[in-house]
Amino acid sequence: MAEEMVVVFRPYPLVVGQKIRIEGGGRAGDWLVIGVNERTVTLRCPVSLREFEWSRFCYLVEEREGQWPRRDG
């Protein structure tokens, strides 16, 4: 059987208190992680203070230092 290129995604082990940035999609923006369990993650927008609970979806792409929350869109 021939080998193929495969893209592998690993769920990121989020923890309460982390500051994250989602780039792209309907959840794009800066968020504070305020709750995590095996099935869901709860995030708070640092600007509007609105909170959302979603099924876990975050995958690590990169980590970097920078301004948070970002105000330049």
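Residues numbered from 1 in each chain as written. Predicted model: local features only at pLDDT ≥ 70, side-chain atom pairs only at ≥ 80, totals over all residues. Heavy atoms only, no water.

### Looking at the nonpolar core
So, step 1. Counting 11 residues, the largest nonpolar core is built from Tyr12, Leu14, Ile20, Ile22, Trp31, Val33, Val41, Leu43, Cys45, Trp54 and Cys58.
So, step 2. Counting residues per element, the ones that place at least two in this core are β1 (19-22), β2 (29-36) and β3 (40-44).
So, step 3. In contact with Tyr12, not counting residues within four places along its chain, are Gln18, Arg56, Cys58, Tyr59, Leu60 and Glu63. (Core = buried A, V, L, I, M, F, W, Y, C linked by side-chain atoms within 4.5 Å. Buried < 20%, exposed > 50% of the residue type's maximum accessible area, 1.4 Å probe, protein only. Helix = DSSP H or I, 4+ residues; strand = E, 2+ residues; numbered from the N terminus. Contact = heavy atoms within 4.5 Å.)

### Topic: the packing of aromatic side chains
So, step 1. Inspection of every chain in the model, using the stated rule, returns four aromatic pairs.
So, step 2. Aromatic side chains Phe52 and Trp54 sit 5.2 Å apart centroid to centroid with 0° between the ring planes, which places their arrangement in the stacked category.
So, step 3. Given the relative accessible area of 18%, Trp54 is considered buried.
So, step 4. Judged by centre distance (5.9 Å) and plane angle (80°), the rings of Trp54 and Phe57 are edge-to-face.
So, step 5. An aromatic cluster is present here, built from Trp31, Phe52, Trp54 and Phe57 joined pairwise through their rings. (Phe/Tyr/Trp six-rings, centres within 6.5 Å; stacked < 30°, edge-to-face > 60°.)

### A look at the sheet that holds strand β4 (residues 51-55)
So, step 1. Taken in spatial order, the four strands of this open sheet run β1-β2-β3-β4, and their pairing is antiparallel. Each having just a single partner strand, β1 and β4 make up the two edges of the open sheet. Mean inter-strand twist for the sheet, computed between neighbouring axes without regard to direction, equals 40°.
So, step 2. Across four bridges, β1 lies against β2 in antiparallel orientation. The residue of β2 that forms the bridge with Lys19 is Leu32. (Pairing = 2+ DSSP bridges. Axes fitted to C-alpha atoms, helices over the stretch in contact; angles between N-to-C directions.)

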